[in-house]
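Letter by letter, the chains look like this.
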Amino acid sequence: GQNIDQPTEMTATEGAIVQINCTYQTSGFNGLFWYQQHAGEAPTFLSYNVLDGLEEKGRFSSFLSRSKGYSYLLLKELQMKDSASYLCAVRDSTSGTYKYIFGTGTRLKVLA
Amino acid sequence: EAGVTQFPSHSVIEKGQTVTLRCDPISGHDNLYWYRRVMGKEIKFLLHFVKESKQDESGMPNNRFLAERTGGTYSTLKVQPAELEDSGVYFCASSQVLGQAGYTFGSGTRLTVV
(Lines give C-alpha, C1' and ligand atoms only; values in the text may rest on other atoms or scores of the structure.)
Protein backbone atom coordinates (compact mmCIF):
# COMPACT_ATOMS: atom_id res chain seq x y z
CA GLY A 1 0.00 0.00 0.00
CA GLN A 2 0.87 3.67 -0.04
CA ASN A 3 1.79 5.26 3.26
CA ILE A 4 3.48 8.52 4.19
CA ASP A 5 4.04 9.48 7.83
CA GLN A 6 5.00 12.80 9.30
CA PRO A 7 4.41 14.37 12.73
CA THR A 8 1.12 16.17 13.15
CA GLU A 9 2.43 19.22 14.98
CA MET A 10 5.73 20.80 15.95
CA THR A 11 6.60 23.94 17.85
CA ALA A 12 9.84 25.89 17.66
CA THR A 13 11.22 29.28 18.62
CA GLU A 14 12.02 32.14 16.30
CA GLY A 15 15.64 31.97 15.18
CA ALA A 16 15.96 28.26 15.94
CA ILE A 17 16.36 25.26 13.63
CA VAL A 18 13.65 22.66 13.15
CA GLN A 19 13.71 19.32 11.35
CA ILE A 20 10.48 17.79 10.04
CA ASN A 21 10.76 14.08 9.31
CA CYS A 22 8.86 12.07 6.76
CA THR A 23 8.88 8.32 6.17
CA TYR A 24 7.24 6.69 3.21
CA GLN A 25 6.29 3.35 1.69
CA THR A 26 5.03 3.67 -1.86
CA SER A 27 4.84 1.41 -4.87
CA GLY A 28 6.29 3.94 -7.28
CA PHE A 29 8.86 6.68 -6.67
CA ASN A 30 9.63 9.69 -8.83
CA GLY A 31 10.86 12.12 -6.22
CA LEU A 32 10.12 13.33 -2.70
CA PHE A 33 8.58 16.78 -2.50
CA TRP A 34 8.02 19.32 0.24
CA TYR A 35 5.28 21.92 0.06
CA GLN A 36 4.44 24.75 2.44
CA GLN A 37 0.82 25.67 3.02
CA HIS A 38 -0.47 28.62 4.98
CA ALA A 39 -4.05 28.33 6.20
CA GLY A 40 -6.55 28.95 3.41
CA GLU A 41 -3.85 29.30 0.76
CA ALA A 42 -2.41 27.17 -2.00
CA PRO A 43 0.35 24.67 -1.23
CA THR A 44 3.62 26.21 -2.41
CA PHE A 45 6.49 24.13 -3.73
CA LEU A 46 9.59 24.27 -1.50
CA SER A 47 12.01 21.58 -2.59
CA TYR A 48 12.40 18.09 -3.94
CA ASN A 49 14.87 15.21 -3.94
CA VAL A 50 15.15 12.51 -6.55
CA LEU A 51 18.58 11.20 -5.55
CA ASP A 52 19.91 10.48 -2.07
CA GLY A 53 21.50 13.33 -0.22
CA LEU A 54 20.95 16.88 0.84
CA GLU A 55 19.52 19.70 -1.26
CA GLU A 56 20.02 23.18 0.10
CA LYS A 57 17.95 26.20 -0.85
CA GLY A 58 18.56 29.22 1.32
CA ARG A 59 17.12 28.67 4.80
CA PHE A 60 15.51 25.40 3.69
CA SER A 61 17.25 22.06 3.10
CA SER A 62 15.78 18.68 2.29
CA PHE A 63 17.38 15.28 2.68
CA LEU A 64 16.49 11.94 1.14
CA SER A 65 17.47 8.33 1.79
CA ARG A 66 15.65 6.10 -0.70
CA SER A 67 16.90 2.87 0.90
CA LYS A 68 15.41 3.91 4.24
CA GLY A 69 12.25 5.51 2.80
CA TYR A 70 13.10 8.63 4.74
CA SER A 71 13.28 12.36 4.16
CA TYR A 72 13.50 15.45 6.28
CA LEU A 73 13.00 19.15 5.77
CA LEU A 74 15.32 21.41 7.72
CA LEU A 75 14.35 25.00 8.37
CA LYS A 76 17.03 27.32 9.74
CA GLU A 77 16.79 30.77 11.31
CA LEU A 78 13.09 30.33 11.83
CA GLN A 79 10.86 33.32 11.27
CA MET A 80 7.30 33.91 12.40
CA LYS A 81 6.14 33.69 8.79
CA ASP A 82 7.37 30.06 8.69
CA SER A 83 4.35 29.09 10.80
CA ALA A 84 2.45 26.92 8.33
CA SER A 85 1.73 23.32 7.42
CA TYR A 86 4.52 21.42 5.68
CA LEU A 87 3.42 18.67 3.34
CA CYS A 88 5.62 15.73 2.44
CA ALA A 89 4.66 14.10 -0.86
CA VAL A 90 5.99 11.26 -2.97
CA ARG A 91 5.46 11.54 -6.69
CA ASP A 92 4.31 8.31 -8.26
CA SER A 93 4.92 7.88 -11.97
CA THR A 94 3.72 4.29 -12.33
CA SER A 95 0.58 5.21 -14.27
CA GLY A 96 2.35 7.81 -16.38
CA THR A 97 0.50 10.46 -14.41
CA TYR A 98 3.21 11.75 -12.06
CA LYS A 99 0.70 12.26 -9.30
CA TYR A 100 1.47 13.16 -5.70
CA ILE A 101 0.82 10.96 -2.69
CA PHE A 102 0.68 13.29 0.29
CA GLY A 103 1.22 12.88 3.98
CA THR A 104 -1.25 14.55 6.32
CA GLY A 105 1.11 17.48 6.86
CA THR A 106 3.00 18.87 9.84
CA ARG A 107 1.63 22.02 11.40
CA LEU A 108 4.59 24.12 12.54
CA LYS A 109 4.12 26.88 15.08
CA VAL A 110 6.95 29.38 15.45
CA LEU A 111 6.90 31.20 18.76
CA ALA A 112 8.49 34.56 19.49
CA GLU B 1 2.15 35.21 -14.79
CA ALA B 2 -1.24 34.58 -13.24
CA GLY B 3 -1.41 31.57 -10.97
CA VAL B 4 -3.91 28.74 -10.85
CA THR B 5 -7.34 30.17 -10.16
CA GLN B 6 -10.18 28.26 -8.58
CA PHE B 7 -13.79 29.34 -8.30
CA PRO B 8 -15.69 29.54 -6.05
CA SER B 9 -13.44 29.76 -3.01
CA HIS B 10 -16.25 28.50 -0.80
CA SER B 11 -19.50 26.69 -1.50
CA VAL B 12 -22.18 25.51 0.90
CA ILE B 13 -24.87 23.30 -0.60
CA GLU B 14 -27.49 20.91 0.64
CA LYS B 15 -27.24 17.18 0.29
CA GLY B 16 -28.66 16.12 -3.04
CA GLN B 17 -27.84 19.35 -4.84
CA THR B 18 -25.34 19.79 -7.64
CA VAL B 19 -22.17 21.85 -7.47
CA THR B 20 -19.65 22.69 -10.17
CA LEU B 21 -16.12 23.72 -9.30
CA ARG B 22 -13.92 25.47 -11.80
CA CYS B 23 -10.16 25.59 -12.25
CA ASP B 24 -8.24 27.89 -14.56
CA PRO B 25 -4.66 26.61 -14.87
CA ILE B 26 -1.67 28.70 -15.79
CA SER B 27 -1.89 29.53 -19.48
CA GLY B 28 0.00 27.00 -21.58
CA HIS B 29 0.02 24.31 -18.91
CA ASP B 30 -1.13 21.12 -20.56
CA ASN B 31 -1.22 19.10 -17.34
CA LEU B 32 -4.05 19.73 -14.93
CA TYR B 33 -4.68 17.80 -11.73
CA TRP B 34 -7.55 17.69 -9.26
CA TYR B 35 -6.94 16.75 -5.63
CA ARG B 36 -9.17 16.69 -2.58
CA ARG B 37 -8.63 16.99 1.15
CA VAL B 38 -11.36 15.82 3.47
CA MET B 39 -11.16 17.01 7.06
CA GLY B 40 -8.40 15.43 9.08
CA LYS B 41 -7.04 13.45 6.16
CA GLU B 42 -4.30 13.88 3.60
CA ILE B 43 -4.67 15.52 0.21
CA LYS B 44 -5.64 12.80 -2.27
CA PHE B 45 -5.33 12.61 -6.03
CA LEU B 46 -8.56 12.60 -8.03
CA LEU B 47 -7.58 12.82 -11.68
CA HIS B 48 -5.15 14.13 -14.27
CA PHE B 49 -5.80 15.80 -17.61
CA VAL B 50 -3.31 16.19 -20.41
CA LYS B 51 -4.84 18.92 -22.50
CA GLU B 52 -8.46 17.81 -22.89
CA SER B 53 -7.82 14.09 -22.35
CA LYS B 54 -8.17 12.25 -19.07
CA GLN B 55 -4.83 10.57 -18.45
CA ASP B 56 -5.74 9.03 -15.12
CA GLU B 57 -9.03 9.20 -13.22
CA SER B 58 -8.27 6.40 -10.78
CA GLY B 59 -8.80 8.68 -7.77
CA MET B 60 -12.36 9.71 -8.59
CA PRO B 61 -14.50 8.47 -5.67
CA ASN B 62 -17.57 7.38 -7.64
CA ASN B 63 -19.75 8.23 -10.61
CA ARG B 64 -21.28 11.23 -8.87
CA PHE B 65 -18.12 13.08 -9.82
CA LEU B 66 -17.60 14.28 -13.38
CA ALA B 67 -14.58 16.23 -14.57
CA GLU B 68 -14.24 17.91 -17.92
CA ARG B 69 -11.66 20.02 -19.69
CA THR B 70 -13.19 21.03 -22.98
CA GLY B 71 -10.69 22.70 -25.30
CA GLY B 72 -7.85 21.89 -22.98
CA THR B 73 -8.03 25.15 -21.06
CA TYR B 74 -10.07 25.43 -17.88
CA SER B 75 -11.54 22.42 -16.13
CA THR B 76 -14.74 21.81 -14.21
CA LEU B 77 -15.50 19.23 -11.55
CA LYS B 78 -19.17 18.55 -11.03
CA VAL B 79 -20.60 16.69 -8.07
CA GLN B 80 -24.14 15.44 -8.63
CA PRO B 81 -25.87 14.68 -6.33
CA ALA B 82 -23.67 15.87 -3.49
CA GLU B 83 -23.41 13.80 -0.33
CA LEU B 84 -22.20 14.80 3.15
CA GLU B 85 -18.92 12.92 2.72
CA ASP B 86 -18.05 15.06 -0.30
CA SER B 87 -17.26 17.97 2.01
CA GLY B 88 -13.65 19.03 1.87
CA VAL B 89 -11.21 21.26 0.05
CA TYR B 90 -10.78 20.61 -3.66
CA PHE B 91 -7.43 21.68 -5.08
CA CYS B 92 -6.38 22.09 -8.67
CA ALA B 93 -2.76 22.07 -9.82
CA SER B 94 -1.12 22.54 -13.19
CA SER B 95 2.25 21.99 -14.79
CA GLN B 96 3.71 22.77 -18.18
CA VAL B 97 5.88 19.70 -18.40
CA LEU B 98 4.93 16.26 -17.14
CA GLY B 99 7.16 15.39 -14.24
CA GLN B 100 8.65 18.85 -13.81
CA ALA B 101 9.85 19.85 -10.36
CA GLY B 102 6.91 21.24 -8.46
CA TYR B 103 3.41 21.90 -9.64
CA THR B 104 1.49 25.13 -9.08
CA PHE B 105 -1.56 24.72 -6.91
CA GLY B 106 -4.64 26.85 -6.63
CA SER B 107 -5.96 28.00 -3.27
CA GLY B 108 -8.74 25.44 -3.40
CA THR B 109 -12.50 25.40 -3.16
CA ARG B 110 -13.90 24.61 0.26
CA LEU B 111 -17.06 22.60 -0.27
CA THR B 112 -19.46 22.05 2.59
CA VAL B 113 -22.43 19.74 2.08
CA VAL B 114 -25.10 20.12 4.78
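Everything here concerns the structure above.
Below, the structure is looked at part by part.

## Some words on the overall build of chain A
Along chain A, the regular secondary structure elements total zero helices and eleven strands. For chain A, the N- to C-terminal ordering of α and β elements is β-β-β-β-β-β-β-β-β-β-β. On C-alpha atoms alone, chain A measures out to a radius of gyration of 14 Å, which is about the 13 Å that the 2.2 N^0.38 rule sets for 112 residues. Overall size of chain A, expressed as C-alpha extent along the three principal axes, is 45 × 30 × 20 Å. Here chain A, with 112 residues, has 48% of them falling under the buried criterion.

## What to know about the interface of chain A and chain B
At the interface, 20 residues of chain A touch 21 residues of chain B. Surface buried jointly by chain A and chain B totals about 1700 Å² across both partners, of which 57% is contributed by carbon and sulfur atoms. Of all residues in chain A, the largest losses of buried area upon contact with chain B belong to T97, Y100 and F102 of chain A, amounting jointly to 29% of the total for that side. In this structure, K99 of chain A engages D56 of chain B in a salt bridge whose closest nitrogen and oxygen atoms are separated by 3.3 Å. Put simply, chain A and chain B have eleven residue pairs in polar contact (both at pLDDT 80 or more) between them. Looking at the side of chain A that touches chain B, the elements with two or more residues in it are strand 4 (32-37), strand 5 (44-49), strand 9 (84-92) and strand 10 (99-102) of chain A.

## Let's talk about the side chain of S11 of chain B
Mapped onto the secondary structure, S11 of chain B falls in strand 2 (residues 10-13). Setting aside anything within four residues of it in sequence, one finds S11 of chain B in contact with V19, R110, L111 and T112 of chain B.

## Details of a nonpolar patch on the surface
All names here are of chain A. A cluster of nonpolar side chains, namely Y48, V50 and L51, defines an oily patch on the protein surface of about 270 Å² accessible area. With respect to the helices and strands, the residue Y48 is situated in strand 5. Under the relative-accessibility criterion, Y48 is labelled partly exposed at 31%.

## Points about the sheet that holds strand 1 (residues 5-7) of chain B
Residues and elements named next belong to chain B. If you trace the four strands from one edge of the open sheet to the other, you get 1-3-8-7, paired in antiparallel fashion. At either margin of the open sheet sits one strand with a lone partner, and together these are strand 1 and strand 7 (65-68). Averaged over all pairs of adjacent strands, the angle between their axes in this sheet comes to 15 degrees, without regard to strand direction. Two strands pair when backbone bridges link them, and strand 3 (residues 19-24) and strand 8 (residues 75-79) are joined in this way by five bridges, in the antiparallel orientation. Directly across from C23, in strand 8, lies its bridge partner S75.

## Observations concerning the pairing of strand 11 (residues 109-113) of chain B
Residue and element names in this part refer to chain B. Residues of strand 11 alternate between two faces, with T109, L111 and V113 buried on one and R110 and T112 left unburied on the opposite face. With three bridges connecting them, strand 9 (residues 88-95) and strand 11 associate as antiparallel partners. Paired with V89 across the bridge in strand 11 is R110.

## Regarding the sheet that holds strand 7 (residues 60-65) of chain A
Residues and elements named next belong to chain A. Read from one edge of the open sheet, five strands run 1-3-8-7-6, paired in antiparallel fashion. Among the strands making up the open sheet, the edge pair consists of strand 1 (3-5) and strand 6 (53-57). Taking each pair of neighbouring strands and ignoring which way they run, the sheet shows an average axis angle of 15 degrees.

## Topic: the state of the cysteines
All names here are of chain A. The full count for this structure, using the stated rule, is two disulfides over all chains. Residue pairing for C22: its cysteine sulfur links by disulfide to C88, the two sulfurs lying 1.9 Å apart. Given an S-S torsion of about -70 degrees, the disulfide between C22 and C88 has left-handed geometry. Residue C22 is located in strand 3 (residues 18-25), and its partner C88 is located in strand 9; the two are separated by 66 residues in the primary sequence. Here C22 falls in the buried class, since its relative accessible area comes to 0%. Relative accessible area serves as the criterion here: at 0%, C88 is assigned to the buried category.

Basis of the calculations
- Residues numbered from 1 in each chain as written.
- Chains lettered and ligands numbered in written order.
- Predicted model: local features only at pLDDT ≥ 70, side-chain atom pairs only at ≥ 80, totals over all residues.
- Heavy atoms only, no water.
- Helix = DSSP H or I, 4+ residues; strand = E, 2+ residues; numbered from the N terminus.
- Rg over C-alpha atoms; globule rule 2.2 N^0.38 Å.
- Buried < 20%, exposed > 50% of the residue type's maximum accessible area, 1.4 Å probe, protein only.
- Contact = heavy atoms within 4.5 Å.
- Buried area = accessible area lost by both parts, 1.4 Å probe.
- Salt bridge = Lys/Arg side-chain N within 4 Å of Asp/Glu carboxyl O.
- Polar contact = N/O pair within 3.5 Å; in protein donor to acceptor, adjacent residues only side chain to side chain.
- Patch = residues over 30% accessible without salt bridge, like charges linked within 9 Å, V, L, I, M, F, W, Y side chains within 5 Å.
- Areas by Shrake-Rupley, 256 points an atom, 1.4 Å probe, with all protein chains shown as cover.
- Pairing = 2+ DSSP bridges.
- Axes fitted to C-alpha atoms, helices over the stretch in contact; angles between N-to-C directions.
- Disulfide = S-S within 2.5 Å.

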